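One letter stands for each residue in the lines below.
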Amino acid sequence: MNTSHPRYFQRLQTFGAVLFVAGLTTHASRYPSVFAAGLLLTLVLLIRLFIEISIDEEEPEQTLERKMKQLSFLNQFSMLIAMFGVVGFMREQ
């Protein structure tokens, strides 16, 4: 990875989030709703990581705007998945 890239820290943050959520998901296998939410969230974070990696330093404005909208949508979708996992966990308790 190029550490001088403007989105280097976002890439690193997303990679850390993938590892964190995947680790939590493996420990939550007793709760089906939390496990399903964790798997979906890991998948969404991997897609986000691939989009982050595909952003070039000299990306055209149109392409960069489209990718930023995709990232925004993935952020909103991941919040929905996380809320589904929390509500499912509360119902199973």
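Please refer to the structure placed before this passage.
Residues numbered from 1 in each chain as written. Predicted model: local features only at pLDDT ≥ 70, side-chain atom pairs only at ≥ 80, totals over all residues. Heavy atoms only, no water.

Asker: Looking at this model, I keep getting lost on the environment of glutamine 10. Mind explaining?
Answerer: Residue position: glutamine 10 is located in helix 1 (residues 8-27). Owing to a relative accessible area of 26%, glutamine 10 belongs among the partly exposed residues under this scheme. Taking C-alpha positions, glutamine 10 is 7.5 Å from glutamate 52, a pair spaced 42 residues apart along the chain. (Helix = DSSP H or I, 4+ residues; strand = E, 2+ residues; numbered from the N terminus. Buried < 20%, exposed > 50% of the residue type's maximum accessible area, 1.4 Å probe, protein only.)

Asker: Would you mind going over the side chain of threonine 42 with me for this structure?
Answerer: Considering the arrangement of structural elements, one finds threonine 42 in helix 2 (residues 32-54). On the basis of relative accessible area, threonine 42 is assigned to the buried category, the value being 13%. In this view, threonine 42 contacts Val18, Val21, Ala22 and Thr25; residues no more than four positions away in its chain are not counted. (Contact = heavy atoms within 4.5 Å.)

Asker: Help me understand helix 1 in this model?
Answerer: Helical geometry note: an α-helix holds 3.6 residues per turn, so side chains three or four residues apart project in the same direction. The end-to-end C-alpha separation of helix 1 is 29 Å, in line with the 28 Å expected for 20 residues at 1.5 Å each. Along helix 1, the positions that sit buried rather than exposed are Tyr8, Arg11, Thr14, Val18, Val21 and Thr25. Down the axis of helix 1, the buried side of the element spans an arc of 165°, and every buried residue falls inside it. Pointing more than 90 degrees away from the buried face of helix 1 are the exposed residues Phe9, Gln13, Leu19, Phe20 and His27. (Expected span 1.5 Å × (residues − 1). Arc of directions from axis to C-beta.)

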